[in-house]
Amino acid sequence: MKLKGKSVLITGAAVRVGRAMALAVAQAGGNVIVHYGGSQPEAESLKAEVVALGVEAHLLQADLGQPQQAAGLIGRALELGPIDALVNSAAIFKNVDLDNTDLAGWQTHLDVNLTAPFLLSQAFWKAAREKGREGRIVNILDWRALRPGADHLPYTISKAGLAALTSSLAVAMAPEVTVNGIAFGAILPPADGGETKGLLKHVPAGRWADLDEVGQTLLFLLSGPRYITGEIIHLDGGRHLV
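The numbers attached to residues start from 1 for each chain and follow its sequence in the written order. Whole-chain, interface and lining totals are the exception, using all residues; otherwise, since this is a predicted model, local features are given only for residues with pLDDT of at least 70 and side-chain atom pairs are given and counted only at 80 or more. As a rule here, side-chain values cover all heavy atoms of the structure and leave hydrogens and water aside.

A. Here's a closer look at the nonpolar core. In this description, a nonpolar core means a group of buried Ala, Val, Leu, Ile, Met, Phe, Trp, Tyr and Cys residues linked to one another through side-chain atoms lying within 4.5 Å. Only protein chains enter the calculation, and the probe is 1.4 Å; a residue is then buried if its accessible area is under 20% of its type maximum, exposed if over 50%, and partly exposed in between. Ranked by size, the top nonpolar core spans 33 residues in total, and within it Ile10, Met21, Val87, Phe184 and Leu222 carry the most contacts. Starting at the N terminus, helices and strands are each numbered in turn, a helix being any DSSP run of H or I of at least four residues and a strand any DSSP run of E of at least two. Put simply, the parts of the chain that give this core at least two residues each are strand 1 (7-10), helix 1 (16-27), strand 2 (31-36), helix 2 (40-52), strand 4 (85-88), strand 5 (135-142), strand 6 (177-184) and helix 7 (211-223). The biggest single contributor to this core is helix 1, with six residues. The contact definition used throughout considers only heavy atoms, calling two residues in contact when any of these lie within 4.5 Å. The contacts of phenylalanine 184, once residues within four sequence positions are left out, are Val17, Met21, Ile140, Leu141, Asp142, Trp143, Val214, Leu235 and Asp236. Counting 31 residues, the second-largest nonpolar core is a separate cluster that includes Ile74, Ala77, Leu86 and Leu165.

Have a look at this one:
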């Protein structure tokens, strides 16, 4: 039970990859603070699954597109008890190119994918310092963040910013808090039903990821050596290489 007695706050934990990571934490003995935006039924069902594994689960709703709500989430979570780790997973992902990107869409991606992780991480670090506690932050990225292209423009740029933030915070928050990232590739088909035909021809591994692999990678960064900080692990089957 690598995380027994630890509490982990995961944003966007109610659905998809966030849900898989929450269950991985629970299976490793960790208590889970489930943040969700609009997915209350899914959050409640996840809480039931987590509790059934013999650990604690708490639900916190917040619109991370609203900076004030994002900034206050850590404080609300701390009212439940100490937090040992923060996983910034919630994200907006829209398939828009340069021609179709307007200011509102651009700003929404930045607010949720970059500003919210910054505000959450800052508050988490301040709390860790005040209490004299160690902590860990894991930012969920995308292989596109390290190889920005023209597709998914505002999403890609927001994730590239999060990659830079990961490096900067790793230095600024040392030694109390480690800050690392996981850059995903083909994990799950798009939630909007977007086209995936031919996608795997760009993946050297030739397959989609297994959600167990997501959990294993997260647990490594949450419970592995604290001497690792500022790293971004690509969980993409080699997609960023081609």
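B. Just the layout of surface pockets, in detail. With a 1 Å grid laid over protein atoms only, a set of points is called a cavity when a 1.4 Å probe fits there but cannot get out and a pocket when it is open yet has protein on both sides within 12 Å along at least five of seven lines; lining residues have an atom within 4 Å of a point. Grid points are joined across faces, edges and corners, and a volume is the space filled by probe spheres set on the points. If you add up the space inside the second largest pocket, you get close to 200 Å³. Lys6, Asp84, Arg136, Leu222 and Arg226 are the residues nearest the centre of the second largest pocket, which is lined by 13 residues in total. When contributions to the lining of the second largest pocket are tallied by element, the ones reaching two or more residues are strand 5 and helix 7. Residues that form the lining of the second largest pocket fall into these classes: four nonpolar, two polar and seven charged. Note that Gly is not counted as nonpolar here; it falls among the polar residues with everything else outside the nonpolar set of Ala, Val, Leu, Ile, Met, Phe, Trp, Tyr, Cys and Pro and the charged set of Asp, Glu, Lys and Arg.

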